[in-house]
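Chain by chain, the residues:
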Amino acid sequence: MKLDTVRAVEARLLLSTYERNPLLFVRGEGVHLIDEDDQRYLDLLSGIGVNALGYGHPAIEETIARQSRALIHTSNLYFHEGQAELALRLTEMTGLDRVFFANTGTEAWEAAMKLARAHAGLLRAEGKSIGTKFLALEQSFHGRTFGSVSTTYKAKYREPFGPVVPGVEFVRFNDVDDLRTKFSNEVCAIMVESIQGEGGIRPLTQEFFDAARELTESTGALLIADEIQAGMGRTGKWCGYQHYGIRPDITTLAKPLAGGIPLGAVLCTEEVSRAIHPGMHGTTFGGGPLACAVAITVIDTIEREGLLEHVVEVGDYFQKELRAIAARHDAIVDVRGKGLMLAAELDSADLAKLVVKEMLQRKILINCTSDTVLRFLPPYVLQKEHVDQAITALDGILKEHAHGTAVRGANEAGGNVRG
């Protein structure tokens, strides 16, 4: 079907949940998506952080073909080889002890919430005083199921479905005093993203992360790190929290985990795992043979091709080039992020929307989050020449459309643009 036909059918049959761009992609190669007219688009979004190895990677294609011939699904009533092998890799990567496989990031987050409540119940049964409250952060995004959306900050995600799950309070982002004020033995978990994704690519400070770890350890509450967007190597380490020297009690992974095949995972310490026994939680499709096989291939390929190091090198170059154009355009008020999880924040929501549209016209895919933040989540196989292409396009768009493009003085640029 052609684009016009697809749009007409979707308009008649699908729930209205997405504002799609008028493009019909039919295949992908490397860092490019290719539309029905054989036009190539540089993808700096990678399916919202999913396609870490880009498109058409031979290792993924070979694994899918091989595993689909052998076994796609069995259910979790039986064993297959993939879960144990993948769990070994994930526990080694994260420093945690136990794994539960889900289908998506939001389901992994649901499992993390259930683990935290169950663990608090176990502690109460053992005589400790601990409640059921969650502390999440302002601007957080943890998913769209009921538990996940309850811990997601923006009202537009929660209010249409209220009442959502009770017992959640939001802490001001990176505000240690607010965190200490709101923490008590009523809290069963503090929930963070090491780098907020939908919230605008905003890293936690070391001070805030340290305080969260200290507070939870003082009462037996859990520290939960959402690594669904920042994890699996996107920042140059397997998990974003590893940049801080902190190990959480629970973490969640998804997005790039299985290279485009749906798969999520929640990992926890041995202590937390005491709270779960057979029958308390489960999944039909999570951790199936096909998804596990592809995830193992993704991890092995990242290691074999040295992509963690590559992410750091190309990410540093990308951020340097973003800072360079920020010094020329007052419209860019901040550059931040780590590895290939980067953002350029603009001074206008209208300008940010226009830039995304103009980049699309130049056949470069990015998106805007938190109204004013241009978000870059490219495949890990991105090269410097692709960065140059994007920077040239962005620079040209801002010259044409942004008000106030005068070169900043060195002191002003240094004060406004941070990592």
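Summarised in this report is the structure supplied together with it. (Residues numbered from 1 in each chain as written. Predicted model: local features only at pLDDT ≥ 70, side-chain atom pairs only at ≥ 80, totals over all residues. Heavy atoms only, no water.)

Moving on to the packing of helix α12 (residues 307-326) against helix α14 (residues 384-401). Taken N-terminus to C-terminus, the directions of α12 and α14 make an angle of 20 degrees; their axes are 10 Å apart at the nearest point. Considering their axes alone, α12 and α14 lie roughly parallel with respect to each other. For α12 against α14, the interelement crossing comes out right-handed. Between α12 and α14, the residues in contact are E313, V314, Y317, F318, E321, L322 and I325 and K384, V387, D388, I391, L394 and D395, respectively. Here the contact of α12 with α14 is composed, by residue class, of eight nonpolar, no polar and five charged. (Axes fitted to C-alpha atoms, helices over the stretch in contact; angles between N-to-C directions. Helix = DSSP H or I, 4+ residues; strand = E, 2+ residues; numbered from the N terminus. Parallel < 35°, antiparallel > 145°, perpendicular 65-115°, else oblique. Left-handed = near helix turned anticlockwise from the far one by under 90°. Contact = heavy atoms within 4.5 Å. Nonpolar A, V, L, I, M, F, W, Y, C, P; charged D, E, K, R; others polar.)

Attention now moves to the sheet that holds strand β15 (residues 364-365). Across a sheet, paired strands are connected by hydrogen bonds in the backbone, their directions being either parallel or antiparallel. Strand order in the open sheet formed by four strands is β1-β2-β3-β15, with mixed pairing between adjacent strands. The sheet is open, and its two borders are formed by β1 (25-29) and β15, each paired with just one other strand. Sheet topology places β1 next to strand β2 (residues 32-35); four bridges connect them, and they run antiparallel. In the strand pairing of β2, E29 is matched with H32. (Pairing = 2+ DSSP bridges.)

A separate point is helix α11 (residues 289-304). The end-to-end C-alpha separation of α11 is 22 Å, in line with the 22 Å expected for 16 residues at 1.5 Å each. With 13 of its 16 residues buried, α11 lies for the most part within the structure. Of the residues trailing α11, G306 is marked for its positive phi of about 60 degrees. (Expected span 1.5 Å × (residues − 1). Buried < 20%, exposed > 50% of the residue type's maximum accessible area, 1.4 Å probe, protein only.)

A few words on the nonpolar core. Core analysis: the largest hydrophobic core is formed by 107 residues, its most contacted members being L90, I190, F318, L322, V355 and F376. Not counting residues up to four positions away in its chain, the partners in contact with F376 are L44, F318, L322, L340, M341, L342, A343, A344, I366 and L394. Core analysis: the next-biggest nonpolar cluster, separate from the first, contains eight residues, L45, A230, V373 and L377 among them. (Core = buried A, V, L, I, M, F, W, Y, C linked by side-chain atoms within 4.5 Å.)

What follows concerns the side chain of T297. Positionally, T297 belongs in helix α11. Polar side-chain contacts of T297 include one of 2.7 Å to the side chain of T63. (Polar contact = N/O pair within 3.5 Å; in protein donor to acceptor, adjacent residues only side chain to side chain.)

Spatial strand order, β4-β12-β11-β10-β7-β5-β6: seven strands in an open sheet with mixed pairing. With partners counted over all chains shown, the strands left at the sheet margins are β4 (98-102) and β6 (168-171), one partner each. With strand direction ignored, the average angle separating the axes of adjacent strands in the sheet is 20 degrees. Here five bridges tie strand β7 (residues 187-193) to strand β10 (residues 222-226), and the two strands are oriented parallel to one another. The partner of M191 across the bridge, within β10, is I224. Where helix α4 (residues 81-94) meets the sheet, its contacts fall on β4, β11 (250-253) and β12 (264-268), and the angle it forms with β4 comes to roughly 120 degrees.

A few words on the packing of aromatic side chains. Tallied over the entire structure, the rule returns five aromatic pairs. When the centroid spacing of 5.4 Å and the interplanar angle of 80 degrees are considered together, the rings of F25 and Y41 count as edge-to-face. In this pair, F25 sits in strand β1 while Y41 sits in strand β3 (residues 40-43), placing the two residues 16 residues apart along the sequence. Using a relative accessible area of 7% as the deciding quantity, one classes Y41 as buried. Centroid distance F141 to Y157: 5.2 Å. Interplanar angle 75 degrees. Geometry classified as edge-to-face. Residue F141 is located in the loop between β5 (133-137) and α6 (146-150), and its partner Y157 is located in helix α7 (residues 155-158); the two are separated by 16 residues in the primary sequence. Taking NZ or CZ as reference, R202 lies 4.2 Å from the ring centre of F173, over its face. (Phe/Tyr/Trp six-rings, centres within 6.5 Å; stacked < 30°, edge-to-face > 60°. Lys NZ or Arg CZ within 6 Å of the ring centre and 35° of its normal.)

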